[in-house]
Amino acid sequence: MNRIAPFALLALAVALYFALPYNLAFLTRILIMAVLVLSLDLVLGFAGIATLGQAAFYGAGAYAAGLFAIHAWADPIAGLVVAGVAGAVLAFISGLIVLRAHGLTLIMLTIAVAAICHEIANKARDITGGADGLRGIRMEPVLGLFEFDFVGQTGFWYALAVLAVVFTFLTLLTRAPFGLSLRGIHESPERMAAIGTSVYWRRVAAYTLGGAIAGVAGALSAQVTQLVSLESFSFTLSAEALIMLILGGTGRLYGAVLGTLVFMFVHHWAAANDPFNWLFVIGALVLAVVFFLPRGLVAVPTALKRLGGQNAGS
Amino acid sequence: MTLFLNILVDGVAYGMILFMISVGLSVTMGLMRVVNLAHGGFALLGGTFAHWFAAELGLPFWPALVLAVTLTVALSLPLERVIYRRIYGFTDLQQVLATIGLTFLMIASVNLWQGSSLLPVPLPEGLKATVDLGFRTLPAHRLMVIAAGLAVVLGLWWLLERTRFGIRLRAAVDNRGTASAHGINTDRIFMAAFGLGAGLAALGGVLGAEILPIDAYYPLRYMVLFLIVVAVGGMGSIAGSFLAAIGLGLLETAARYLAPDFATILFFALVMALLALRPNGLIVRAQ
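These figures come from a predicted structure and were not determined experimentally.

Draft legend 1. Geometry of unusual backbone geometry. Residue and element names in this part refer to chain A. The phi angle at Gln226 is positive, at roughly 55°, despite the residue not being glycine. Take Gln226: it is sitting in the loop between helix H10 (199-225) and helix H11 (235-248). Assessed through its relative accessible area of 26%, Gln226 is described here as partly exposed.

Okay, structure coming up:
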């Protein structure tokens, strides 16, 4: 499962591109959210840091990439790098404070960091455009070859490529000693501390790296939609990313992507059928997952197999 | 002097509202160890019912208030029985998620029933007036909120320190297992505490509708605020919640009067600094 899942997802993305040629903006949105949810999986699923403020780094990346493109250089790849650095710096500084706390206080501080960013972006109207959003982003072609088009074909392939790179990077990272030590910290911080691991600094490092990847996701969104709005910092975005991750199953990278895919389609379908009450569907979905599928969608095959086994045995 | 008095009255009134809404959250988090992000939803339900009774059915303010609080408590008890009792055993993260789901359901229900516009609760003439203190005038509504807040504080103190229920509740908060072994029905105590918290949240929601306006997205908008009161006060500590609510109310009101452009940023920065220094809140309960 672990080996074929990434390729199955890649094939699914390509298939969706041809199946829904008029919904490329929506598909690109899914790819971007998948990058954000992957960053959350690193922070929460692997390092075990419960956060509801991942939008802080997504927003920081989005504004950094937008401002960089407007004022400095409109090259997309350079923008991704700048946004990654912006997300990492914010995550490092806030992580130094936030990660001293535990449990509820930690969750609350992460919400507070995103709320402060939201407020700063709202108040600094001259730089960020305030509630109107940051407009006037004009990107140069990707790698100097592929122009961003109106249909969104370039945007789709660009986002898919970035997602694939992030996915591969995280796969390698989580198998490397650093990733294994994060798993160890998640399982038992006391034991890891006892064998000489600096738990606090490992967690800060994971948080910073998660911030960088969330920043890249924000940059993708800014470059593809050519607009950054205050929504990038919203609590709802953090909460939705968390829901997607739990829906798919934490601690498995393909679970994060799968959760994003299912959530975004349900969201899209619910919003299209009744734009006023899609929250109802999302709320019910979340409760159903927590109560009946606490390990997420990736646990479904195992659960079914166990069910089948029981039937065969009886 | 006038400015100082304005900050004092508005800040204390704001703090009282924060206290009424948050104290139930503090007790449930301290008692049941459940991270209940849906607590603000009870304030929303109270406000929505009060709006329905007062603005649509034309009832006077006070009966509407009593009916709204009663109805919210009546809804919260079966909710505790059916949903929350299962949530207690979950991990932090699952609790967060489940209660976010509940919040979404509450928002969607209010949205479906009353729409997403503002839901005002019309005040009686007596509360709209201003009270002349001789040297200056104060809005009657603010004074009523402060008086109601003090009544709630005294009532809670009496309930917890002087009644059998209070003794049992404190015993259950301090050590559930031992309390249960002494023949205290902790399940029923939890349910009563939950209903009490929901009722106080509804009361705060209705009385505070002038300060924190009610609409369907109310629980999401003010969730952070209520959580901050609990985290700053120290979980499960009622005195801590009161100190934190009044302190934060004064702090935010002062910031809004003195530096309106930076009020929210200043507020959050100070809260973060405080929590960095005292991660467990002002009053730490002995474990």
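Draft legend 2. Focus on the environment of B:Val131. With respect to the secondary-structure elements, B:Val131 resides in strand S1 (residues 130-132). On the basis of relative accessibility, which here comes to 30%, the residue B:Val131 falls in the partly exposed class.

Draft legend 3. How the structure looks around the pattern of salt bridges. All names here are of chain B. Inspection of every chain in the model, using the stated rule, returns seven salt bridges over all chains. Asp10 is paired through a salt bridge with Arg142; the nearest N and O atoms lie 3.1 Å apart. Note that Asp10 is positioned in helix H1 (residues 2-32) and Arg142 in helix H6 (residues 140-162), a separation of 132 residues in sequence. We classify Asp10 as buried; its relative accessible area is 19%. Each of Glu80, Arg85 and Asp187 takes part in salt bridges that share partners, so that together they form one network.

Draft legend 4. A look at the interface of chain A and chain B. Each partner contributes residues to the interface: chain A has 37 residues there, and chain B has 40 residues. It is A:Leu104, A:Met108 and A:Leu279 in chain A that bury the most area against chain B; as a group they hold 18% of the surface buried on that side. Counting across the interface, chain A meets chain B through zero salt bridges. Where chain A meets chain B, there are zero residue pairs in polar contact (both at pLDDT 80 or more). Mapped by element, the contributors of at least two residues to the side of chain A that touches chain B are helix H4 (76-98), helix H5 (103-123), H11 and helix H13 (278-292) of chain A. With 14 residues, H5(A) is the single largest residue contributor to the side of chain A that touches chain B. In the side of chain A that touches chain B, the residues fall into 30 nonpolar, five polar and two charged.

Draft legend 5. Representation of a nonpolar patch on the surface. All names here are of chain A. A cluster of nonpolar side chains, namely Ile77, Val81, Val85, Val89, Phe92, Ile93, Leu143, Leu145, Phe146 and Trp201, defines an oily patch on the protein surface of about 1,000 Å² accessible area. Among the elements that line the nonpolar patch, the one with the most residues is H4, at six residues. Residue position: Val89 is located in helix H4. For Val89, a relative accessible area of 44% puts it in the partly exposed group.

Rules of the game
- Residues numbered from 1 in each chain as written.
- Chains lettered and ligands numbered in written order.
- Predicted model: local features only at pLDDT ≥ 70, side-chain atom pairs only at ≥ 80, totals over all residues.
- Heavy atoms only, no water.
- Helix = DSSP H or I, 4+ residues; strand = E, 2+ residues; numbered from the N terminus.
- Buried < 20%, exposed > 50% of the residue type's maximum accessible area, 1.4 Å probe, protein only.
- Salt bridge = Lys/Arg side-chain N within 4 Å of Asp/Glu carboxyl O.
- Contact = heavy atoms within 4.5 Å.
- Buried area = accessible area lost by both parts, 1.4 Å probe.
- Polar contact = N/O pair within 3.5 Å; in protein donor to acceptor, adjacent residues only side chain to side chain.
- Nonpolar A, V, L, I, M, F, W, Y, C, P; charged D, E, K, R; others polar.
- Patch = residues over 30% accessible without salt bridge, like charges linked within 9 Å, V, L, I, M, F, W, Y side chains within 5 Å.
- Areas by Shrake-Rupley, 256 points an atom, 1.4 Å probe, with all protein chains shown as cover.

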